[in-house]
Protein chains: 2
Amino acid sequence: MNTDQLFKNINKHISLSAVEESHIRSLLAEKHLSRNDYILKQGEACPFIYFVNSGLLRAFFLNPSGKDNTVMFALRDWWITDMHCFLNGLPAMVNIQAVKPCHVLCLSKASLDSLFEDIPKFNRFFRILMQNAYCREQLRMIQNLSLPAKDRYEGFLTKYPQIANMVTLKQIASYLGITPEFLSSIRNQKKGK
Amino acid sequence: MNTDQLFKNINKHISLSAVEESHIRSLLAEKHLSRNDYILKQGEACPFIYFVNSGLLRAFFLNPSGKDNTVMFALRDWWITDMHCFLNGLPAMVNIQAVKPCHVLCLSKASLDSLFEDIPKFNRFFRILMQNAYCREQLRMIQNLSLPAKDRYEGFLTKYPQIANMVTLKQIASYLGITPEFLSSIRNQKKGK
DNA sequence: GAAAAAAAATAAGATAGTTTAAGAATTGAA
DNA sequence: TTCAATTCTTAAACTATCTTATTTTTTTTC
């Protein structure tokens, strides 16, 4: 199991001893996903948080009438889960699916809780993770509220150029909260200029 | 300085000794705000996080063309700041203004950092605060993307009935990302039924 | 490398939400 | 208590975005 990327990620914020690292390693499972595989489905239990070693995942919500809304993408070096349901032991609200073949490391809720107890500074690490996630989400909210679709699209291209290159127009539209047809027409306008 | 509410808030997640409580108390300042007073203005420094002892605050973003978007409200027992700018020492992106007269406790970034060092379990407390904030924001994002304005309005009334009673229609519209005129017409439709 | 499947483009008609503007109702400050 | 300011309502014209349907292009699979 390759955990280099993971510990590079964690050590950005706290420093772990070799013993602590190997303790964490003992709590992890790994999973290889093919394109389109699901690691989480709406309505099912959500006992894991995933660290992305490689590949690209997409979390999305299907509303009762089948409309697809992308909650987030996760590239290499990102953490992903349905946080609310993971933390509170609730059935998942969102689906998480591999957009590209993925290699992920899985940490269960029980293991995470044990880390908070056994390695107290892990609280600090996760606090920073949550701070960043909250700020990112808040910024997205401000932009969704204050900008028209075209500007949101340009913001997305600037902020996540790698992701923009790996996902379909449909998935970008679903992230921006517009229809693929409308995004297609936005692209077309831009070309015109 | 009345800190009962504050420690009730903190002790929901960690338990503090009397010594720790009085240490925290020594780091706090308090502030009384009249209606419409600002505790934060876009572009200015954002060195504090505020705990609301009483009253009601609103954080909002004014885009270049003057459109007002409400980022959050904060009632008694809530924490509020421009989190991204507070944590990273950046000029504020949002304004925070008293909707009703307020009594708030102020904690500086430097004091918060010192708490993370001196009372390590404070990391746990703040982690949980950030988890909740992130999940709340994510849920709001899903609803904004997947629901029409009328449903978002009903969701707001159900989730925050107290706030709905204390703020203007204009401010609710600004939170929902629609114009006051359109919210007024939604209200009118509902009355019709 | 060809057939099948999925994605993207295009276009016309429909709708949710905005803009502007004016009058009615509330609210706040003196 | 009154007056000025703000907020709320209403309505018509307008626009961004959606829906539906068809065609073209790209991708996947056998």
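Asker: Looking at this model, I keep getting lost on the protein's contact with DNA strand D. Mind explaining?
Answerer: In the region of DNA strand D, 14 residues are neighbours, and A:Thr179, A:Phe182, B:Leu169, B:Lys170 and B:Ser184 sit closest. Considering the 4 Å shell around the protein, atoms of DNA strand D inside it are sugar or phosphate in 78% of instances. Measuring from a phosphate oxygen of DNA strand D, one finds a side-chain N or O atom of B:Lys170 at 3.1 Å. If you list the elements that add at least two residues to the surface near DNA strand D, you get α9 (180-192) of chain A together with α8 (169-176) and α9 (180-192) of chain B. Per element, the largest residue contribution to the surface near DNA strand D is 3 residues, and it comes from α9(B).

Asker: Even after reading the chapter, I still don't get the interface of chain A and chain B, so can you show me in this structure?
Answerer: Accessible area lost upon the coming together of the parts is a frequently used measure of interface size. Across the boundary between the two partners, chain A contributes 36 residues, which contact 35 residues of chain B. Here chain A and chain B share an interface that buries about 3200 Å² over both sides, 70% of which is from carbon and sulfur atoms. Of all residues in chain A, the largest losses of buried area upon contact with chain B belong to A:Tyr134, A:Met141 and A:Leu145, amounting jointly to 22% of the total for that side. For the pair chain A and chain B, the interface holds 0 salt bridges. Applying the counting criterion to the chain A and chain B interface returns 4 residue pairs in polar contact (both at pLDDT 80 or more). Contributions of two or more residues to the side of chain A that touches chain B are made by β4 (68-75), α3 (83-88), α4 (109-118), α5 (121-146) and α8 (169-176) of chain A. Tallied by class, the residues present in the side of chain A that touches chain B amount to 19 nonpolar, 11 polar and 6 charged.

Asker: How should I be thinking about the relation of the copies chain A and chain B in this particular structure?
Answerer: Mapping chain A onto chain B calls for a rotation angle of 180° and an axial translation of 0.0 Å; the resulting RMSD is 0.0 Å. On the angle and the small slide along the axis, the relation comes out as a two-fold axis. Comparing interface residues between copies, 97% of those in chain A also sit at the interface in chain B, which points to an isologous, same-surface contact.

Asker: What am I meant to see in the protein's contact with DNA strand C here?
Answerer: Contacts to DNA strand C come from 14 residues, most closely from A:Leu169, A:Lys170, A:Ser184, B:Thr179 and B:Phe182. Within 4 Å of the protein, the contacting atoms of DNA strand C are drawn from sugar and phosphate to the extent of 75%. In the model, a phosphate oxygen of DNA strand C is placed 3.0 Å from a nitrogen or oxygen of the A:Ser184 side chain. Take B:Ala149: an N or O atom from its main chain is 3.4 Å from a phosphate oxygen of DNA strand C.

Asker: How should I be thinking about the environment of B:Gln162 in this particular structure?
Answerer: Residue and element names in this part refer to chain B. Tracing the sequence through the fold places Gln162 in helix α7 (residues 161-166). For Gln162, a relative accessible area of 53% puts it in the exposed group. Residues Gln162 and Met130, spaced 32 residues apart in sequence, show a C-alpha to C-alpha distance of 23 Å.

Asker: Honestly, unusual backbone geometry in this entry has me stumped. Any pointers?
Answerer: Most peptide bonds take the trans form, and the phi angle of most residues other than glycine is negative. The phi dihedral of A:Asp77 is positive, around 80°, even though this residue is not glycine. A residue is classified by how much of its surface remains accessible, and A:Asp77, at 21% relative accessible area, is partly exposed.

Asker: Explain the packing of helix α2 (residues 18-27) of chain A against α4(A) here, please?
Answerer: The relative placement of two packed helices is expressed as an angle between their axes plus a distance between the axes. All names here are of chain A. Between α2 and α4, whose axes approach to 10 Å, the crossing angle comes to 160°. By the criterion of interaxial angle, the relationship of α2 to α4 is roughly antiparallel. Relative to α4, α2 is oriented so that their crossing is right-handed. Along the contact surface, α2 presents His23, Ile24 and Leu27, while α4 presents Ser111, Ser114, Leu115 and Asp118. The residue inventory of the contact of α2 with α4, partitioned by class, reads 3 nonpolar, 3 polar and 1 charged.

Cut-offs and rules
The numbers attached to residues start from 1 for each chain and follow its sequence in the written order. Written order decides the labels, with chains lettered from A and ligands numbered from 1. Reporting of local features is limited, given that this is a predicted model, to residues whose pLDDT is at least 70; pairs of side-chain atoms are given and counted only at 80 or more, and all residues count toward the totals for whole chains, interfaces and linings. Excluding hydrogens and water, the side-chain values take into account all heavy atoms of the structure. Nearness of a residue to a molecule or strand requires only that one of the residue's heavy atoms be within 4 Å of it. Here a polar contact is recorded for every N or O atom pair within 3.5 Å, except that within protein the pair must consist of a potential hydrogen donor and a potential acceptor, and residues adjacent in sequence are included only if both atoms are side-chain atoms. The way it works is that DSSP assigns letters per residue, a run of H or I at least four long becomes a helix, a run of E at least two long becomes a strand, and they are numbered from the N terminus. When checking whether two residues touch, look at their non-hydrogen atoms; a contact exists if any pair is within 4.5 Å. Summed over both partners, the accessible area (1.4 Å probe) lost when two parts come together is defined as the buried area. Salt bridges are identified by distance alone: a Lys or Arg side-chain nitrogen within 4 Å of an Asp or Glu carboxyl oxygen. Think of it as three bins: nonpolar holds Ala, Val, Leu, Ile, Met, Phe, Trp, Tyr, Cys and Pro, charged holds Asp, Glu, Lys and Arg, and polar takes everything else, Gly as well. All copies are superposed by least squares; the fitting set is the C-alpha atoms of residues with a pLDDT of at least 70 in both. Under the scheme applied here, a residue whose accessible area is under 20% of the maximum for its type counts as buried, over 50% as exposed, and between as partly exposed, the area being computed with a 1.4 Å probe on protein chains only. Under this scheme, a helix contributes an axis fitted over its contacting stretch, all axes are lines through C-alpha atoms, and angles between N-to-C directions fall in the 0 to 180 degree range. Angle categories are assigned with fixed cut-offs, so that under 35 degrees is roughly parallel, over 145 is roughly antiparallel, 65 to 115 is roughly perpendicular, and the rest are oblique. Note on convention: the crossing is left-handed when the near helix lies turned anticlockwise from the far helix by less than a right angle, right-handed when the turn is clockwise.

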